[in-house]
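Fold and geometry: a report
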Amino acid sequence: MPESGTQAGYAPVNGLEMYYEIHGEDRGRPPVVLFHGSFLTIATWGGLLPALAETRRVIAVEQQGHGHTADIERPFSFEQMADDSAALLGHLGVEQVDVVGYSQGGGVGIQLAIRHPELVRKLVIVSAPMKSAGWHPDVLEGLAFQATPAFVEILSGTPLLGLYTSVAPNPDGFAGMVSKVGEFNSKPYDWTAEFERIAAPTLIVKGDADGLLLNHVGEMLRLLGGDVAGDTAGVPASRLAVVPGMTHVGLLQATDWLLACIPPFLDEAMPS
Amino acid sequence: MNWDQGLNRRVSQADVSRAGLHRRGFLRASAAGLAVAAVAGPVRRAAAQMDEASPVAVTDSGYVETNGLRMYYQVQGSGAPLLLIHGAFMFVEAFGPFLPALAETRQVIGVDLESHGRTADIGRDLSYEQMADDTAAVLAQLGLSGIDVIGYSMGAGVGMQLAIRHPDLVRKLVLISGYYNNSGLYAEILAGEATMTADLFEGSPWLDAYLHVAPDPNGFPVLVDRIKTLDLNFAGFPAADVAGFAAPTQIIIGDSDAIPPEHAVDMFRLRGGGVAGDIAGLPAAQLDIVPAATHVGIIGQVDRLLASIHPFLDAAMPGA
């Protein structure tokens, strides 16, 4: 790995040529790996990536069919994306990382912690549930709609199309990518049993209006050992940050709020 | 600066700090039933911040006679008026550096609630409704209405009753570590409070501070009993009342507060929250959960609190 500057490349993993970028210098902190959301790319991390890279090495990846990473003949899944990411980290010779995943990428982060626990030191889940029923019914309706051909048409009228064609190895692949995301996002899942066994200290970040059910997030915190009176029981290793006046889409761009909670959580000493 | 000027005995920020109030007993005691709490890191950080805080001069202070009570108030800072309501066992300055930080951009009106600080006990049990009515009388005396209100812990309950009983007085309401019924406190907190006695405070810096400001130096055990009676017999506010008042409300708790997140979520929903904002739009209510913050420690996270409170209060009223 380079000592400084930004490096980009493709890692051959599980039949995929998986794109990654490495930003920032090694400053003695564990590197952070960033997992983007559905339809998104490394570029959509906005101000968060450069800000994190000022104090640590940041490894940003693009998942199958997203950004620079070409699609291959297999469906999308959280588990596969986690395995691909683990293989990429192996390719780079990285033994342990802190994980920050947004939305779909939060699900990938959870799966990485479940399937490859040795790789994950700390986990930050930004606006993602541990089961599909953790979404507000309005969002579930939207996710079901993602699986319909009409959705491809709608999304083609948004900046997401330009975002895709600007970097995708197959500029004509947008419709295929959208329908594969739709197929995978509309599939129910429930990782409760595995989630409870995650040992990595975990920070859950959500907007107060982000479409994740608030009680679901409370349940996630409880499963990780939180939801206790810290003055008497001590402050648990896993944390919850709810950002006021914030939607799901807005949270990704709320760099100040994310920086207010993520680096302090990552930089705190590991619980003994 | 002569803090003893005038007839009213005052306690300065520096006095509070010297007494080590926030460092040990006081903040522990300020959370309902937390008298035996371990002192956590955030408390020490709050204490450190407090030592650096500089007081903002009090421009007006005095007592308002209301319902048989002589209720102490003080005013400091300049800007849009903001009422600050303290929690159990506290008084105005016990907010520590949070108070001068607010006073940098606001005219902060602080009250000492019944049996607290410089406001004497008058031989009756505390009630949220009565404390709200008395606070309303202070605002009336000062000629204030339609102002922003911040209440912490017990003071959040007073703030809610103010918004319920005196809606014209409250523009927006910020509830820090508040609860509207006893589902809003962890069971062990209430259990701890049931066995709490004044003896636990013996020799604590908190008691020193109480003696410094309280009109009756022997009144502390009475205050302990008043708080226990208030908390252990709290029937809660009807959900319809919590849902029904007009003031846009921001609910703030720590992620390891004395208040379970589920209760804050319950309040948030009653106030109109819990929607998917990208689809439904943002409601007037906000929920802010501060990571790694306890009931006692949250009030010391001044910058973090102001990062959410200022934008919430400074925004135009919905529909304005």
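Residues numbered from 1 in each chain as written. Chains lettered and ligands numbered in written order. Predicted model: local features only at pLDDT ≥ 70, side-chain atom pairs only at ≥ 80, totals over all residues. Heavy atoms only, no water.

Before going further, it helps to examine the pattern of salt bridges. Tallying each qualifying case throughout the model produces 22 salt bridges over all chains. Its salt-bridge partner being Lys206 of chain A, residue Asp210 of chain A comes within 2.6 Å of it at the nearest N-O pair. Of the two residues, Asp210 of chain A and Lys206 of chain A, neither departs from the other in class, the shared state being buried. Taking the shortest distance from any N to any O, the salt bridge between Arg124 of chain B and Asp134 of chain B comes out at 3.0 Å. Taken together, the positions of Arg124 of chain B in the loop between β4 (106–111) and α5 (128–141) and Asp134 of chain B in helix α5 put the pair ten residues apart, joining distant regions of the chain. Residue classification places Asp134 of chain B among the buried residues on the basis of a relative accessible area of 1%. Through salt bridges that share partners, Arg106, Asp148, Arg171 and Asp314 of chain B make up one connected network. (Salt bridge = Lys/Arg side-chain N within 4 Å of Asp/Glu carboxyl O. Buried < 20%, exposed > 50% of the residue type's maximum accessible area, 1.4 Å probe, protein only. Helix = DSSP H or I, 4+ residues; strand = E, 2+ residues; numbered from the N terminus.)

Another aspect to go through is empty space enclosed by the protein. Overall, the coordinates contain four cavities of 30 Å³ or more when judged by the stated rule. Approximately 50 Å³ is the volume attributed to the second largest cavity. Around the second largest cavity, the lining residues are Leu214, Asn215, Val217, Gly218, Leu240 and Val242 of chain A together with Pro261, Glu262, Val265 and Ile289 of chain B. Counting residues per element, the ones that place at least two in the lining of the second largest cavity are α9 (214–223) and β8 (239–247) of chain A together with α11 (261–270) of chain B. Take the lining of the second largest cavity: its biggest share by element is four residues, from α9 of chain A. Among the residues making up the lining of the second largest cavity, the classes are represented as seven nonpolar, two polar and one charged. (1 Å grid on protein atoms, 1.4 Å probe; cavity = no way out; pocket = protein on both sides within 12 Å on 5 of 7 lines; lining within 4 Å. Points joined across faces, edges and corners; volume = space filled by probe spheres on them. Nonpolar A, V, L, I, M, F, W, Y, C, P; charged D, E, K, R; others polar.)

What follows concerns helix α7 (residues 187–194) of chain B. For α7 of chain B, the full list of buried residues reads Ile189, Leu190 and Glu193 of chain B. Here the buried residues of α7 of chain B occupy an arc of 95° about the axis, which is enough to place them on one side. Next to the buried residues of α7 of chain B lie α10 (230–233) of chain A together with α9 (220–232) of chain B. (Arc of directions from axis to C-beta. Contact = heavy atoms within 4.5 Å.)

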